[in-house]
Amino acid sequence: MNKLWWLILTILCLAGAGFFIFRMFPDQGTSTAAPATAVNRIVSLAPNLTEILFALGLGEKVVAVSSDSDYPPDAANKSKVGTFWQPNTEAIIASKPDLVITEWFEQQKSVAESLKRLGYNVLTLKIETIEELLAAIKDIGAATTTQSCADKLVQDITNRLDNLRAKLAGTKKVKALWVIQTEPLRVAGRNTFLNELIELARAENAIGPTIQQYPSIGTEELLACGVETIIQSAMGADNITDQRQAAEKFWSKWPTLPAVKNKRIYVIDPDTTLRLGPRLCQGLELIARCLHTDM
Amino acid sequence: MTQVLTAKSLGIRITLCLAALIVVMGLCTLVGSQKVSLEKVFAGPGRSPGENIDYEILVGIRLPRVVLAALIGAALASAGVVLQAILRNPLADPYILGISSGAGLGVIVAIISGITWNFCGGSPLSVFAFAGAIATVWLVWLIGHVTGKSQVTSLLLAGVVINAFFSAVIMFLTSITKSNQLLSTILWLMGSIRQQDALVLRISAASILAGIIALFIISHRLNILSLGEYEAKALGVDPAKTRLLAFSFSAFITAIAVSLSGLIGFVGLIIPHSVRLICGPDHRQLLPISAIIGGAFLVVADTLARTMFGQEQWPVGVITAIAGGPFFLVLLARYSRKVSRLK
């Protein structure tokens, strides 16, 4: 074991020596960011962030977006700086931004870090729940000096949510399943954002608490859960009719399920429901209409 | 191969390869999704960000990335050479002894626990990946040490078992993470050259270079070891000690490479074999030349990954596998025919 310690010590010394040799070169590109006064060129790295920016009336100032930012239609015409998962730092710099807005996960955080090192003004936001969405809208408002618009947007969303809650207050709680994929059957568990949505729309997740976030479930659990409404988020918004037919065919295997018997299977547009953005209420109302047919 | 490797010819070959590497790195720095004018780059950095974007793109973004790619390529290729030698197995690559799954486990633990602190400018994912990789390799070494007299076989088996076990743990953990964390982990593991903090780049550059130099110093012992354990002992080389040294250094540089860039396959497998086919099996030459060629290969692969599809960036592991596989097969076919004709 003695030799191993010598070895570790040698490596550490070599590494330390190398580090000091390399440190003799001066640092480059660490100029500090100018205080953000008026923001005029914004780059957004996520579709929901783009939607928030447009909803705050900043559409004109958005110079570039991630390639999946397709709403509102004007956003799709902006120049692109790579995908949501793999942003292109060079393209971001080339669009000369004075504010870059990113999401809070590893791939975008690392881009944010390298932009910050070059002195760019970067806002990184974590949006995984409705509460975080409202906070993020306010943060973007503060960073772009559109606080009043942001407050109004947050108020609008809260009002619409309250209205929906009031409207649904008397209705019966429906047992619902949110299906992510059919083969193998995988549904949203209790500890997810989708669960938050269906509970807001006055439904109960037909699957009880699970360890997995998006558990895969067997036929036995499916038949036992007595699901009354099945909601499936479509894979892409292009061929929803085809996906509906495929879903009907798939579920017809279990004619005894209440949802299948009463033909309560819905395949819905993923963009409004899965994106935590300003169109959230629209998506939520769509879900509520699926769950409560009398609405 | 009957000619004797002299210090002079080795020096000339290494210098030539180094020159080629520098040319490749220079050319690759000039290529990118954005056009950059060199004239503006030489004007130096602007006073505020966005003033001289050509300089920022080339010096701030592209150059560190090219340097990092070269370092990681060199680390993986030399670790591949060493592991193939000490395990005496042509299928050995830097990940064979559990480093990949150890690093993967570290990353997913970091993502699930949601730790945000930085250590010396390194992101928590890198730090956890490094810790996971080192801990796993140590565990594999310990198991191999405890279980068998024929250390090589038990090391390999311990590596395989630990890899399988940790992969199962990783699968379990990914199934309980949130969906975007899941994709984040998978993309991290797929391997891509990321921008790093300047401090991290310096520390890892120094450690990787130090590790490669240390391996180069013991490379003549690897030659003797490849004759067989008994022969090595007869020639005054302690096989166990040599193996421990070689194993530790290569595990160390691989762990650094993995913590910086995730798992980049094929470099550590095909570069050592390709160089061996062309230059022969003498480790004093094989090791440094593999390191240099590995660096150049990864620089080119990463340049393709970031430019081939316009604005989109691809995981570099995809490129190394797609480009490296067929290239290696061609090389194998050509040279094995040549060798059999010589016989």
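Conventions we followed
- Residues numbered from 1 in each chain as written.
- Chains lettered and ligands numbered in written order.
- Predicted model: local features only at pLDDT ≥ 70, side-chain atom pairs only at ≥ 80, totals over all residues.
- Helix = DSSP H or I, 4+ residues; strand = E, 2+ residues; numbered from the N terminus.
- Rg over C-alpha atoms; globule rule 2.2 N^0.38 Å.
- Buried ≥ 20, exposed ≤ 12 C-beta atoms within 10 Å, placed from the backbone.
- Domains from an automatic or database assignment.
- Contact = placed C-beta atoms within 7 Å.
- Pairing = 2+ DSSP bridges.
- Axes fitted to C-alpha atoms, helices over the stretch in contact; angles between N-to-C directions.
- Parallel < 35°, antiparallel > 145°, perpendicular 65-115°, else oblique.
- Left-handed = near helix turned anticlockwise from the far one by under 90°.
- Core = buried A, V, L, I, M, F, W, Y, C linked by C-beta atoms within 7 Å.
- Nonpolar A, V, L, I, M, F, W, Y, C, P; charged D, E, K, R; others polar.
- pLDDT = per-residue confidence, 0-100.

Colleague: Pulling in residues and values, what's your account of the overall build of chain B?
Modeller: Scanning chain B from terminus to terminus reveals 14 helices and zero strands. What you see in chain B, going N to C, is helices and strands ordered as α-α-α-α-α-α-α-α-α-α-α-α-α-α. The C-alpha radius of gyration computed for chain B amounts to 21 Å, which stays within 12% of the reference 20 Å derived for 343 residues, consistent with globular compactness. With the C-alpha coordinates of chain B rotated into their principal frame, the extents come out at 65 × 50 × 35 Å.

Colleague: Explain the overall build of chain A residue by residue, including any values.
Modeller: Scanning chain A from terminus to terminus reveals 13 helices and 10 strands. With 295 residues in all, chain A has 43% of them scored as buried.

Colleague: Residue-level account of the domain arrangement of chain A, with values.
Modeller: All names here are of chain A. As assigned here, chain A comprises domain 1 (42–160) and domain 2 (170–291). Listed per partner, the contact involves 14 residues of domain 1 and 10 residues of domain 2. Contributing elements (two or more residues each) for the side of domain 1 that touches domain 2: α2 (47–55), α6 (130–143) and α7 (147–168). Per-element tally for the side of domain 1 that touches domain 2: the top contributor is α2, with five residues.

Colleague: Outline the sheet that holds strand β5 (residues 122–125) of chain A, supporting the account with residue identities and numerical values.
Modeller: Residue and element names in this part refer to chain A. As summarised here, the arrangement of the five strands in space is β3-β2-β1-β4-β5, forming an open sheet in which the pairing is parallel. Lying at the two open borders of the sheet, with one neighbouring strand each, are β3 (79–80) and β5. For strand β2 (residues 62–65) and β3, the ladder comprises two bridges, and the chain directions are parallel. For V65, the partnering residue across the bridge sits in β3 and is K80. In the packing of α2 onto the sheet, the strands contacted are β1 (42–44), β2 and β4 (99–103), and the crossing angle to β1 comes to about 140 degrees.

Colleague: Lay out the environment of D98(A) in plain terms, naming residues and giving numbers.
Modeller: Of note, D98(A) is situated in the loop between α4 (89–94) and β4. According to the C-beta neighbour criterion, D98(A) is buried, with 21 such atoms within 10 Å. Each C-alpha atom, one on D98(A) and one on A169(A), is 46 Å from the other, the two residues being 71 residues apart in sequence. With sequence-adjacent residues up to four places away left out, D98(A) is seen in contact with V39(A), N40(A), R41(A), N121(A) and G50(B).

Colleague: Summarise the packing of α6(A) against α7(A); cite the residues concerned and give the values.
Modeller: Residue and element names in this part refer to chain A. It is the contact of α6 with α7, at a shortest axis distance of 7 Å, that shows an interaxial angle of 165 degrees. Overall, the two elements α6 and α7 adopt an arrangement that is roughly antiparallel. As α6 packs across α7, the resulting crossing turns out to be right-handed. Residue-level inspection shows L134, I137, K138, I140, G141 and A142 of α6 in contact with α7, the latter providing Q147, C149, A150, D151, L153, V154 and I157.

Colleague: Hey, could you go over the pairing of β2(A) for me, with residue numbers and the actual values?
Modeller: Here three bridges tie β1(A) to β2(A), and the two strands are oriented parallel to one another. Each bridged residue has a counterpart across the sheet, and for I42(A) the counterpart in β2(A) is V62(A).

Colleague: Give me unusual backbone geometry: which residues, what numbers.
Modeller: The step from Y71(A) to P72(A) runs through a cis peptide bond, and the omega angle for that step is -10 degrees. As for its position among the elements, P72(A) is in the loop between β2 and α3 (73–76). The phi angle at R88(B) is positive, at roughly 50 degrees, despite the residue not being glycine.

Colleague: Account for the nonpolar core, with residues named and values stated.
Modeller: Grouped together as the largest cluster of nonpolar side chains are 97 residues, with contacts concentrated most on I72(B), A75(B) and V107(B). Sorting elements by how many residues they give to this core places helix α3 (residues 53–87) of chain B first, with 17 residues. Split by domain, the residues of this core number at least three in each of domain 1 (1–31 + 265–343) and domain 3 (94–261) of chain B. Not counting residues up to four positions away in its chain, the partners in contact with I72(B) are I193(B), A257(B), L260(B), S261(B), I264(B) and L298(B). Listed in part, the 83 residues of the second largest apolar core include A64(A), I101(A), I207(A) and I265(A).

Colleague: Break down the packing of helix α4 (residues 99–113) of chain B against helix α5 (residues 124–147) of chain B for me, with residues and values.
Modeller: Residues and elements named next belong to chain B. Contact pair α4 / α5: the axes reach a minimum separation of 7 Å and the direction vectors enclose 140 degrees. Judged by the inter-axis angle, α4 sits oblique to α5. The way α4 lies across α5 gives a crossing that is right-handed. Across from I99, S101, G102, A103, L105, G106, V107, V109, A110 and I111 in α4, the residues of α5 making contact are P124, L125, F128, A129, A131, G132, A133, A135, T136 and V137. Residue composition of the contact of α4 with α5, by class: 15 nonpolar, five polar and no charged.

Colleague: With reference to specific residues and values, describe the pairing of strand β6 (residues 174–181) of chain A.
Modeller: Walk down a regular strand and you will see the side chains alternate between the two sheet faces. All names here are of chain A. By the bridge criterion, three bridges tie β6 to strand β8 (residues 203–205) in an arrangement that is parallel. Paired with A176 across the strands is N205, a residue of β8. Here β6 pairs with strand β9 (residues 229–233) via four bridges, running parallel. The residue bridging L177 from the neighbouring strand is I230, located in β9. Both β6 and strand β7 (residues 186–187) contribute to a ladder of two bridges, which runs antiparallel. Paired with Q181 across the bridge in β7 is R186. Between β6 and β7, which pair antiparallel in sequence order, lie four residues.

Colleague: Outline the confidence of the model for chain A, listing residues and values.
Modeller: The predicted model of chain A averages 84 in pLDDT, with 89% of residues at 70 or higher. Averaged over each element, pLDDT in chain A is lowest for helix α1 (residues 2–23) of chain A (63) and highest for β1(A) (95).

Colleague: How would you summarise the environment of V267(A) if you had to cite specific residues and measurements?
Modeller: Residues and elements named next belong to chain A. Looking at the secondary structure, you find V267 in strand β10 (residues 265–268). When the C-alpha positions of V267 and I230 are compared, they lie 8.5 Å apart, and in sequence the two are 37 residues distant. Filtering out sequence-adjacent residues up to four positions away, V267 remains in contact with Q232, A234, I240, Q243, R244 and A247.

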